[in-house]
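Each chain is listed here by its residues.
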Amino acid sequence: MIQPGAKSLRKIAVVGRGTAGSLAAANVTRLIPESDHELHHIYDSRIPALGVGEGSWPSLVQDLCQLTNLPHETVQQRLKGTRKYGVTFEGWGRRNREFTHYFTPQQVSYAYHLSVDLMADLLHESTRARHIDAKVTSINRVEGGAQVEFEGRPAERYDLVFDARGFPGELDPDGTSTFPSSPPIRPSSAAVRQSSKKSGTGWFCNLPTPARLRVRTVG
């Protein structure tokens, strides 16, 4: 097993600056001593953060405090986050009932509904990395690591690459992608329309699931 910080894991790249990419880069910074690795955080600034917001679980509240070394109140203010204390599922099970999962302990444990771009900016500040603003055209497996190909600049070889680009247009022609992407959501399909609205008890979110499950965050 390759251990972080080992001689064979010196040069690391995180591709993407959405939720997954920002969290990955910040965690590499926190978990691996700076002297043991070189981290490149690669993203294309022309690609905006997608979505109306990001829902979270209580564990993310603790993680963000650890990654940023900031108190809960400051993190929530920076994210312009809305606290939520549980999630209600409508049309749950065979009897089509409503089920509410409250975070425990109730009224103490909470999560956020937050802005994706603000979280990326917050984590960016606490990430020790060489930030590369460029378009990635492909990521290919090579002996002992992976090679990232760019548009308009030379390729770079890394010992470890976190691919957090979301939905790339297609898999690499040689089929070496470790984690194949799911098919992209097609806006023309009525079955995957998504929306959200605020109510007196929280947010209603119609998620793009096959069953058109309706979810309400409670808070």
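Let me begin by describing the structure that accompanies this report. (Residues numbered from 1 in each chain as written. Predicted model: local features only at pLDDT ≥ 70, side-chain atom pairs only at ≥ 80, totals over all residues. Heavy atoms only, no water.)

## Focus on unusual backbone geometry
- Omega for the bond connecting T104 with P105 falls within 30 degrees of zero, at -5 degrees, which places this linkage in the cis form.
- Checked against the element boundaries, P105 lands in the loop between β6 (97–102) and β7 (111–114).
- A positive phi angle, close to 50 degrees, is found at K80, a residue other than glycine.
- Note that K80 resides in the loop between α3 (72–79) and β4 (82–84).
- Judged by relative accessible area, which is 67%, K80 ranks as exposed.
- Phi at Q107 takes a positive value of approximately 65 degrees, unusual for a residue other than glycine.
- Secondary-structure assignment places Q107 in the loop between β6 and β7. (Helix = DSSP H or I, 4+ residues; strand = E, 2+ residues; numbered from the N terminus. Buried < 20%, exposed > 50% of the residue type's maximum accessible area, 1.4 Å probe, protein only.)

## Considering the pairing of strand β2 (residues 38–43)
- Most of β2 sits inside the fold, with five of its six residues counted as buried.
- Across five bridges, the pairing between strand β1 (residues 11–15) and β2 is parallel. Note on β2: the bridge partner recorded for K11 is E38. (Pairing = 2+ DSSP bridges.)

## Considering the sheet that holds strand β3 (residues 54–55)
- The strand order β3-β7-β4 describes an open sheet built from three strands, whose pairing is antiparallel. The two strands at the open ends of the sheet, each matched to only one other strand, are β3 and β4.
- Here two bridges tie β3 to β7, and the two strands are oriented antiparallel to one another. By the bridge assignment for β7, G55 is matched with H113.

## So, the pairing of β1
- For β1, a buried count of four out of five residues is recorded, marking the element as mostly surrounded by other parts of the structure.
- Between the parallel pair β1 and β2, the chain is carried across by helix α1 (residues 19–31), and the sense of this crossover is right-handed.
- Note that β1 and strand β12 (residues 160–163) share four bridges and pair parallel. Across the sheet, the residue bridging to V15 is D163, located in β12. (Right-handed = clockwise from strand over helix to strand, strands pointing away.)

## Comments concerning the environment of F162
- For F162, the position within the fold is in strand β12.
- Note: C-alpha distance between F162 and A20 (142 residues apart in sequence) is 9.2 Å.
- Residues contacting F162, with those up to four places away along its chain left out, are I12, A13, V14, V15, A24 and V28. (Contact = heavy atoms within 4.5 Å.)

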